[in-house]
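What the coordinates show
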Amino acid sequence: MEQTGYTQELRRVLTRKDLVIYGIAFMTPIAPAYIYGYATAMTGGALALAYIVAMVAMLFTALSYGKMAEAFPVAGSTYSYTQRGINPYLGFFAGWAMFLDYVLVPLIVFMVGAAYAHSTFPAVPYEVWVLLIAAVTTTVNYFGVDIAAKTNLVLVGIMAIIVAVFVGTCAWALTQGVGAGTLVSAAPFTLPPEMSLTALVAGSAIACFSFLGFDSITTMAEEAVHPQRDIGMAAILACVVGGVVFVLQAYVAQLVWPDYTTFESTDTALFEVAQLAGGMPLAVTYTVAVIISTMTAGLAGQSSAARLLYGMGRDGLLPKALFAYLHPKYQTPTYNILIMCVIGVAGALFLDIPVVTELLNFGGLFGFMCVNLAVIVYYYLRQRQRNVVQYLLAPLVGFLVCGYLWVHLSTECLLVGGAWFVVGIVYLLVLTRGLRHKPPVLRE
């Protein structure tokens, strides 16, 4: 910490196991429930294939996050790696993009959890479910990262059991003649003739949403016991484990319900799949898992967003008095946690899921591109590390794949994301008085 110019203020309590669980909790084992309805339609039923493409792209990026965590084991993640590995100006925009990403994660999990809960228990209004989920998430995060880690461990375990029951029940239903009536099929990995490769790329870009979370592990670098040893490995393990679970769910769901055009609601498509495979008991159980996922992803997402703001506030890119404040007893950025709660509830009440999902990918993929580029600039060009595979080719592949997926997001998403960058440019101009002064980090 001292070598990077900071003093240790956050508590180091997280082991490698905690970090892996944290990343999986952010991604959530049940992440396909969030996007399945419209993502499988976008890929013509080949969402399992799209998940494989997305996982390969994310693995290259996970390697880059690990390398940058070795060099700079500090809070701030994408922002810190970019501003220190390349320059503070690009670092500001990387943080600005990931700020959008992390703000939207708690928001969308509130939305999806409330939607599934309301479908199962319609007597309780959607708005009430949003407030309940937000209240639990914020309370746990307020009282410390060690409590959040223990809570995530229990909740991820419960989710893993329910996902296993879902996959197993779907497999049993297929042997009884439901849907495709077979356990072995290439259909979930094959694009229909009417679908182009562009559709697969677009679907893979959406599928990246489910992987947004392995990178959040790096925001906990100042709370990890051995950050330089564990951060990178934890990110890779979370990415691989999550990817396998996502592919399995997409595979069995497509076979149970081959005609993806007949869902009553694309927002809760896997509820319908679960109901067909195992009746209302499985549908209700699956809904419980989705609600739990909103807790785990909400805990991790809100916590990561709060620590990203803390990193930017500590560097003076945001007002220090508000964003760099730590609770004197719990050592948590409590103001940031409360800000994230308010934003999440407001967005969950007024926005819709597909728009939020694509905006998440806009910020996430841009941040991933920056971190891959940071590895090349910092290690290969500045430090003159001549391991071509580790410090040039691998991050270059990660950069190009993420960039390709990024430009294939919808036009609407790119326009809204571009507007977000314009707001960032205006703020940077104000911060530097029309670029007449250097940003705080560069000045230091």
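Residues numbered from 1 in each chain as written. Predicted model: local features only at pLDDT ≥ 70, side-chain atom pairs only at ≥ 80, totals over all residues. Heavy atoms only, no water.

1. What about the overall build of the chain?
Helices and strands together make up the secondary structure of the chain, namely 16 helices and 0 strands. A compact globule built from 444 residues should have a C-alpha radius of gyration of about 22 Å, and the chain, at 21 Å, falls within 12% of that. Here the C-alpha coordinates of the chain stretch approximately 65 × 45 × 40 Å along the principal axes. The 444 residues of the chain split such that 60% are buried. Taking as baseline every contact in the chain between residues at least 6 positions apart, the subset at least 24 positions apart corresponds to 82%. Counting only carbon and sulfur atoms, one obtains 69% of the accessible surface of the chain, whose full area is about 16300 Å². (Helix = DSSP H or I, 4+ residues; strand = E, 2+ residues; numbered from the N terminus. Rg over C-alpha atoms; globule rule 2.2 N^0.38 Å. Buried < 20%, exposed > 50% of the residue type's maximum accessible area, 1.4 Å probe, protein only. Contact = heavy atoms within 4.5 Å. Areas by Shrake-Rupley, 256 points an atom, 1.4 Å probe, with all protein chains shown as cover.)

2. Description of a nonpolar patch on the surface
A cluster of nonpolar side chains, Ile52, Val56 and Phe189, forms an exposed patch at the surface whose accessible area comes to about 210 Å². Secondary-structure assignment places phenylalanine 189 in the loop between helix H7 (145-175) and helix H8 (197-207). (Patch = residues over 30% accessible without salt bridge, like charges linked within 9 Å, V, L, I, M, F, W, Y side chains within 5 Å. Salt bridge = Lys/Arg side-chain N within 4 Å of Asp/Glu carboxyl O.)

3. Focus on the environment of alanine 324
Within the secondary structure, alanine 324 sits in the loop between helix H11 (320-323) and helix H12 (334-350). Between the alpha carbons of alanine 324 and lysine 17 there is a distance of 28 Å; along the sequence they are 307 residues apart. Those residues in contact with alanine 324 that lie beyond four places of it in its chain are Tyr310, Gly313, Arg314 and Pro319.

4. Details of helix H10 (residues 269-314)
With 46 residues, H10 ought to run about 68 Å at 1.5 Å a step, yet its terminal C-alpha atoms sit only 43 Å apart, falling short of that. Where H10 bends most, the angle comes to about 140 degrees, and this point is glycine 278, followed within four residues by the proline proline 281. Across the 46 residues that make up H10, a large majority, 37, are buried. Glycine 316 lies just past H10 and shows a positive phi near 85 degrees. (Expected span 1.5 Å × (residues − 1). Bend = angle between axes of the 7 residues up to and from the residue.)

5. Description of the packing of helix H5 (residues 88-120) against helix H15 (residues 411-431)
Taken N-terminus to C-terminus, the directions of H5 and H15 make an angle of 135 degrees; their axes are 10 Å apart at the nearest point. In terms of their interaxial angle, H5 and H15 are classed as oblique. For the pair H5 and H15, the crossing hand works out as right-handed. Between H5 and H15, the residues in contact are Tyr89, Phe92, Phe93, Trp96, Ala97, Phe99 and Leu100 and Trp420, Phe421, Val423, Gly424, Ile425, Tyr427 and Leu428, respectively. The residue makeup of the contact of H5 with H15, split by class, is 13 nonpolar, 1 polar and no charged. (Axes fitted to C-alpha atoms, helices over the stretch in contact; angles between N-to-C directions. Parallel < 35°, antiparallel > 145°, perpendicular 65-115°, else oblique. Left-handed = near helix turned anticlockwise from the far one by under 90°. Nonpolar A, V, L, I, M, F, W, Y, C, P; charged D, E, K, R; others polar.)

6. Here we look at the side chain of asparagine 372
As for its position among the elements, asparagine 372 is in helix H13 (residues 353-382). In terms of polar contacts, asparagine 372 uses its side chain to reach the side chain of threonine 61, at 3.2 Å. Asparagine 372 has contacts with Phe60, Thr61, Ser64, Pro395, Gly398, Phe399 and Cys402, leaving out every residue within four places of it along the chain. (Polar contact = N/O pair within 3.5 Å; in protein donor to acceptor, adjacent residues only side chain to side chain.)

7. Topic: the confidence of the model for the chain
Per-residue pLDDT for the chain has a mean of 82; in total, 91% of the residues score no lower than 70. Element-level pLDDT for the chain is lowest in helix H16 (residues 440-443), with a mean of 54, against a maximum mean of 90 in helix H14 (residues 388-407). (pLDDT = per-residue confidence, 0-100.)

8. Overview of the nonpolar core
Membership of the largest hydrophobic core comes to 148 residues, with the highest contact counts inside it found for Met58, Phe166, Phe211 and Phe214. In terms of residues, this core owes the most to one element, H5, which gives 21 residues. Leaving out residues up to four positions away in the same chain, phenylalanine 166 has contacts with Gln249, Val252, Leu270, Val273, Ala274, Leu282 and Tyr286. (Core = buried A, V, L, I, M, F, W, Y, C linked by side-chain atoms within 4.5 Å.)

9. A short note on the environment of alanine 135
Here alanine 135 is to be found in helix H6 (residues 126-142). On the basis of relative accessible area, alanine 135 is assigned to the partly exposed category, the value being 41%.

10. Examining the environment of valine 356
Residue placement: valine 356 occurs in helix H13. Under the relative-accessibility criterion, valine 356 is labelled buried at 1%. Measuring from C-alpha to C-alpha, the distance between valine 356 and arginine 386 comes to 41 Å, with 30 residues separating the pair along the chain. Filtering out sequence-adjacent residues up to four positions away, valine 356 remains in contact with Leu104, Leu107, Ile108, Met111 and Leu351.

11. Describing H15
Taking 1.5 Å of rise per residue, the 21 residues of H15 would be expected to cover 30 Å, and the 30 Å separating its terminal C-alpha atoms lies within 8% of that figure. All of the buried residues in H15 are Cys413, Gly417, Phe421, Gly424 and Leu428. Seen along its axis, H15 keeps its buried residues to an arc of 65 degrees; they face one direction. Set apart from the buried face of H15 by more than 90 degrees, the exposed residues are Thr411, Leu415 and Val430. Contacts made by the buried residues of H15 are with H5, H13 and H14. (Arc of directions from axis to C-beta.)

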